[in-house]
Amino acid sequence: MAPLLDLLTDAHTLTGDPVFHDAIAERLPWLLAFGGPQPHARLHGIAIRHWDGFWFGANRLWGDVFPHYWSTLTAVTLLRLPTTLRTDQTDRLAEAILRANMANYSEDGSATCAFVMPSTVDGRPAHTADPLANDQDWHLLLWLRARQQGH
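Within each chain, residues carry numbers counting from 1 in the order of the written sequence. For a predicted model such as this one, the threshold for reporting local features is a pLDDT of at least 70, and the threshold for listing and counting side-chain atom pairs is 80 or more; totals across whole chains, interfaces and linings nevertheless cover every residue. With hydrogens and water set aside, each side-chain value is computed from the structure's full complement of heavy atoms.

*Asks:* Where do I start with the nonpolar core in this structure?
*Replies:* Buried together is how nonpolar side chains tend to be arranged in soluble globular proteins. Core analysis: the biggest nonpolar cluster contains 24 residues, and Leu-5, Ile-24, Leu-28, Leu-31 and Leu-78 have the highest contact counts within it. Of all the secondary-structure elements, those providing two or more residues to this core are α1 (2-15), α2 (18-32), α3 (72-80), α4 (88-100) and α5 (137-148). Those residues within four positions of Leu-28 in sequence are excluded, and the remaining contacts are Leu-5, Leu-78 and Leu-81. Side-chain atoms within 4.5 Å link the members of a nonpolar core, which is a set of buried Ala, Val, Leu, Ile, Met, Phe, Trp, Tyr and Cys residues. Exposure is judged per residue with a 1.4 Å probe applied to protein chains only, and the accessible area is read against the type maximum: over 50% gives exposed, under 20% gives buried, and values in between give partly exposed. Of all hydrophobic cores here, the second largest spans 9 residues; its members include Phe-56, Val-65, Tyr-69 and Val-121. Where helices and strands are cited, they refer to DSSP runs of H or I of at least four residues and of E of at least two residues respectively, numbered from the N terminus. Any two residues having at least one pair of non-hydrogen atoms within 4.5 Å are treated as being in contact.

What follows is the structure, encoded as structure tokens:
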């Protein structure tokens, strides 16, 4: 949903055509439906972005990973909305998503691309950060780009 809304936002920015504005407004709830107001820092507003029925990370554990750095796409999309659709609520949610992804970094700068949320997976202990840190830094890049563009 994020790429679709980004395309519609760009089309609206370039043309000013209200048909694109209306299309964004209609589809924005679809984007927001992938995340929710969960009371956990790793889950609040975080969309499921890596749920493909396959194991993830070096530990090869099945299960949902939160936050996956691609959840940042939702935040960037929210920050790019036309001003008539952007609200304090969408800005707060974008900030929460960006900050939630910081949970995947340690004080020493190391990172994990996958925190497996279930407490156990097929009888193996989980609820742990996977040692794999392949490209978690995309979260930082997207956040910096959004800040650079004034969002």
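*Asks:* In this structure, what is going on with the environment of Tyr-105? I would like to understand it.
*Replies:* Position of Tyr-105 relative to the elements: it lies in the loop between α4 and β1 (115-116). Look at Tyr-105 and you get buried, because its relative accessible area is 18%. Sequence separation between Tyr-105 and Ala-133 is 28 residues, and the spatial gap between their C-alpha atoms is 9.6 Å. Residues within four places of Tyr-105 in sequence aside, it is in contact with Ser-110, Ala-111, Gln-136, Asp-137, His-139 and Leu-140.

*Asks:* Would you mind going over α3 with me for this structure?
*Replies:* Since there are 3.6 residues in each turn of an α-helix, residues three or four apart along the chain are aligned in direction. With 7 of its 9 residues buried, α3 lies for the most part within the structure. Buried residues of α3: Thr-72, Thr-74, Ala-75, Val-76, Thr-77, Leu-78 and Leu-79, and no others.

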